[in-house]
Amino acid sequence: MPSFTFRKAALCLSAATIAALVASPVSSQQAASPIARYDMDVGTVTGLAAMGSGMGAGLSMMFGGGGNKQMHELILRLGSSRAPAAGAPKADHFMPPVARLGASVPLLSPKPGTRTDDVPQDLPKDFQRPKGRLLIYWGCGAKAGPGQPVVIDFARLSAGQVPPDLFAGAMPIDRSVSPGNSKTFGEWPNADTRKLVSADSSLLGEHRIAGNYAPEIKFALAQDFMPAITGKASPIAGGATQISWNAVTSATGYYAWVMSAKANNKGEFQDMVWWSSSASRQFGGALWDWIAPAQVAKLIQQQVVMPPSQTNCTVPAEVTAAGGDFALGNLYAYGPEANFAYPPRPANAKTPWKPEWTARVRYRSNSTWLLNGPDMDAMMRGGEEAEQPRRKKKCKGGLGGLLGAVTGDGC
């Protein structure tokens, strides 16, 4: 049985590991005609996706120790073609009282070097390339389809030998508000304020965004946070794994992926396994994000996203055999989208229209959970021990060391 250190690293396997190694560059469209654009991404998260700090909190979240209640996420971005009217940029989003975030939250303009959501373009000087491999599978079914797995040797990444279709390249680039397509930009959460949105928060009601570099934006929301999505897994005859989830109200489609890994007797990862529910080789990109209902409908036709009527999918036996003793499952329920503008878009498409501002509110529900995990009591005991102070260890090389760094586990 692998050491507990290995198990802790495996618990936190995530797409961020792959993204750091084979970052898919994302370009942004230039700012459109409105003076200001506002993006509001609204999420409901459960399982490891909502875990608190520390290993104990993560284990409690997974096994129902009071931490497995749903949590909410809220990402706000304001972009404008204007410079501040006077002084430094300043903007606030004034919330309805039911949001439980105070009268407003500040949309701060990030200072250089303070952003935390960008994938690093350069690896640390002491970074050691993983020595293992990435095995890629896709599609729901008891057996893997033809041409699987696609194998990526991490040792060859330095030569740039990464298949160009690893990510969902067929999907259009989103027009999200960003510093790159805005003369002045503000966001929340930010480097100064990271207040959590409580589980009983609501977004229903009037919203107002006001600042010194954009017109005042006002709209009312009739759609609240989506219900939680929760997944479970069951082994079936032949070695495959059946994953299933609850039907989520207002979901427009579902997407799932699973990651697992095997380690040697030193606790170092040798092979990582990545599986996607898509019927074709579509991974990452916008599939990890919020997706507009019209785009989800197209992806359902292409069998990239599962329809809202589907609540189960079989992970092929080859994925289970190639992976370790347990794996992480991740589920996305894409949701509705609300759009606002001032002045409103004319009913006649031939009538000229140049809005002062536009606002977009996107919804989704997401859950990450442990498939085929080890003994709960042993994990909880280990999690408690992991929370005790311990001497900093030197990171191992290879993929195991990378995961240790990603998890903040001291390697």
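Residues numbered from 1 in each chain as written. Predicted model: local features only at pLDDT ≥ 70, side-chain atom pairs only at ≥ 80, totals over all residues. Heavy atoms only, no water.

**Brief notes about the overall build of the protein**
Helix and strand content of the protein: seven helices and 16 strands. Taken across its 411 residues, the protein has 45% of its residues classed as buried. Long-range contacts, defined as pairs at least 24 residues apart, comprise 76% of the intrachain contacts of the protein with a sequence gap of at least 6. Approximately 19400 Å² of the protein is accessible, and the part contributed by carbon and sulfur atoms is 54%. (Helix = DSSP H or I, 4+ residues; strand = E, 2+ residues; numbered from the N terminus. Buried < 20%, exposed > 50% of the residue type's maximum accessible area, 1.4 Å probe, protein only. Contact = heavy atoms within 4.5 Å. Areas by Shrake-Rupley, 256 points an atom, 1.4 Å probe, with all protein chains shown as cover.)

**As for helix H4 (residues 293-301)**
All of the buried residues in H4 are Gln 295, Val 296 and Leu 299. Taken end-on, H4 shows its buried residues confined to a sector of 100°, consistent with a single buried face. Across H4 from its buried face, at more than 90 degrees, point the exposed residues Ala 294 and Gln 301. (Arc of directions from axis to C-beta.)

**Examining the state of the cysteines**
Inspection of every chain in the model, using the stated rule, returns one disulfide. For Cys 140, the disulfide goes to Cys 313, at an S-S distance of 1.8 Å. Disulfide Cys 140 to Cys 313: torsion about the S-S bond roughly -105°, handedness left-handed. On the criterion of sequence distance, the pair formed by Cys 140 in the loop between strand E5 (133-138) and strand E6 (150-153) and Cys 313 in strand E14 (residues 312-315) is long-range, its members being 173 residues apart. (Disulfide = S-S within 2.5 Å.)

**Let's talk about the sheet that holds strand E11 (residues 241-245)**
What links the strands of a sheet is backbone hydrogen bonding, and the strands pair in either a parallel or an antiparallel sense. The strand order E10-E11-E14 describes an open sheet built from three strands, whose pairing is antiparallel. Single-partner strands in this sheet number two, and they are strand E10 (231-235) and E14. Across the sheet, the axes of successive neighbouring strands diverge by a mean angle of 25°, strand direction being ignored. (Pairing = 2+ DSSP bridges. Axes fitted to C-alpha atoms, helices over the stretch in contact; angles between N-to-C directions.)

**Details of the pairing of strand E9 (residues 217-221)**
Residues Ile 217, Phe 219 and Leu 221 point to one face of E9 and are all buried, whereas Lys 218 and Ala 220, pointing to the other face, are not buried. Remark: five residues form the turn of the hairpin made by strand E8 (residues 205-211) and E9, two consecutive strands paired antiparallel.

**Overview of the packing of aromatic side chains**
Per the stated rule, a full pass over the model turns up four aromatic pairs. Taking NZ or CZ as reference, Arg 208 lies 4.2 Å from the ring centre of Phe 94, over its face. Above the ring of Trp 290, the side-chain terminus of Arg 364 is found at 3.8 Å from the ring centroid. (Phe/Tyr/Trp six-rings, centres within 6.5 Å; stacked < 30°, edge-to-face > 60°. Lys NZ or Arg CZ within 6 Å of the ring centre and 35° of its normal.)

**As for the sheet that holds strand E3 (residues 91-94)**
Read across the sheet, four strands follow the order E4-E3-E8-E9 without closing on themselves; strand pairing throughout is antiparallel. In this open sheet, the two edge strands, each paired with only one partner strand, are strand E4 (104-106) and E9. The average angle at which neighbouring strand axes cross in this sheet is 20°, direction not considered. Sheet topology note: the E3/E4 ladder contains three bridges and is antiparallel.

**What to know about the side chain of Ser 367**
Tracing the chain through its elements places Ser 367 in strand E16 (residues 357-371). Among all residues touching Ser 367, those that are not within four sequence positions of it are Thr 46, Gly 47, Ile 229, Thr 230, Gly 231, Gly 329, Asn 330 and Leu 331.

**Quick word on the pattern of salt bridges**
By the definition in use, this model includes ten salt bridges. Across the pair Arg 364 and Glu 73 runs a salt bridge, and its minimum N-O distance is 3.5 Å. Residue Arg 364 is found in strand E16, and its partner Glu 73 is found in strand E2 (residues 71-80); the two are separated by 291 residues along the sequence. By relative accessible area, which is 8% here, Arg 364 ends up buried. Its salt-bridge partner being Asp 271, residue Arg 133 comes within 3.0 Å of it at the nearest N-O pair. Pair noted here: Arg 133 is in strand E5 and Asp 271 is in strand E13 (residues 269-276), with a separation of 138 residues, a long-range link. By relative accessible area, Arg 133 is classed as partly exposed at 34%. Since its relative accessible area comes to 15%, Asp 271 is described here as buried. Among the charged side chains, a salt-bridge network with shared partners connects Asp 39, Asp 41, Arg 77, Asp 289, Arg 360 and Arg 362. (Salt bridge = Lys/Arg side-chain N within 4 Å of Asp/Glu carboxyl O.)

So far we have only geometry, and geometry alone does not tell us how the molecule works.
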